[in-house]
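Each chain is listed here by its residues.
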Amino acid sequence: MAALIRRIISTTKAPAAIGPYSQAVVVDRTVYISGQLGMDPANGQLVEGGVQAQTRQALVNMGEILKAAGCGYENVVKTTVLLADMNDFTSVNDVYKQCKYA
């Protein structure tokens, strides 16, 4: 089997990986982005303002990683959103469906 070429993606415009992983990796023509939180990349802290502000920041972070990989939201085919509280579903979804942060 031919070896796949992996390209590690990193940008200072999104929070740095805090473990032994990358912000993203490109394999062939597919970008795999590590989970993103609503953290401010400047200080590494969750943004204030609750779940909607954190959702918005997580999407901004993801957008910056996508840009660093040479693509944008228009290229996304799958996402997974994990919620700590299902009562936040509507609030998160309201931000997610407006995703124009690219």
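Structure's up top.
This report concerns the structure included in the present document.

Calculation notes
- Residue numbers restart at each chain and count upward from 1, following the sequence in its written direction.
- Side-chain atom pairs in this predicted model are given and counted only at pLDDT of 80 or more, local residue features only at pLDDT of at least 70, and totals for whole chains, interfaces and linings cover all residues.
- Note that the side-chain values use all heavy atoms of the structure and ignore hydrogens as well as water.
- Each helix is a run of H or I in the DSSP string that is no shorter than four residues. Each strand is a run of E no shorter than two, and both are numbered from the N terminus.
- Contacts between residues were defined by any pair of non-hydrogen atoms, one from each residue, lying within 4.5 Å.
- What counts as a salt bridge is simple: a side-chain nitrogen of Lys or Arg found within 4 Å of a carboxyl oxygen of Asp or Glu.
- Per-residue accessibility, obtained with a 1.4 Å probe over protein chains only, is compared with the maximum for each type, and a residue is labelled buried under 20%, exposed over 50%, and partly exposed between these values.
- Site definitions follow a grid-based scheme: protein atoms alone, a 1 Å grid, a 1.4 Å probe that fits but cannot get out for cavities, and for pockets an open set with protein on both sides within 12 Å along at least five of seven lines, plus lining residues having an atom within 4 Å of a point.
- Grid points are joined across faces, edges and corners, and a volume is the space filled by probe spheres set on the points.

1. Thoughts on the side chain of Glu 64
Inference 1: Residue position: Glu 64 is located in helix H1 (residues 50–68).
Inference 2: In this structure Glu 64 touches Thr 11 and Lys 13, once residues within four positions along its chain are discounted.

2. Focus: the pattern of salt bridges
Inference 1: Within this structure, the stated rule accounts for 2 salt bridges.
Inference 2: Taking the shortest distance from any N to any O, the salt bridge between Lys 67 and Glu 64 comes out at 3.6 Å. Here the residue Lys 67 and the residue Glu 64 both occupy positions in helix H1, the gap between them amounting to 3 residues, near one helical turn.
Inference 3: With a relative accessible area of 44%, Lys 67 lands in the partly exposed category.

3. Concerning the layout of surface pockets
Inference 1: Considered as a void within the structure, the largest pocket measures approximately 1100 Å³ in volume.
Inference 2: Lining of the largest pocket is provided by 36 residues; of these, Gly 35, Gln 36, Met 62, Thr 79 and Thr 80 occupy positions nearest its centre.
Inference 3: Those elements that provide at least two residues to the lining of the largest pocket are strand S3 (30–33), H1 and helix H2 (89–96).
Inference 4: Examining the composition of the lining of the largest pocket, we find that 7 residues originate from one element, H1, more than from any other.

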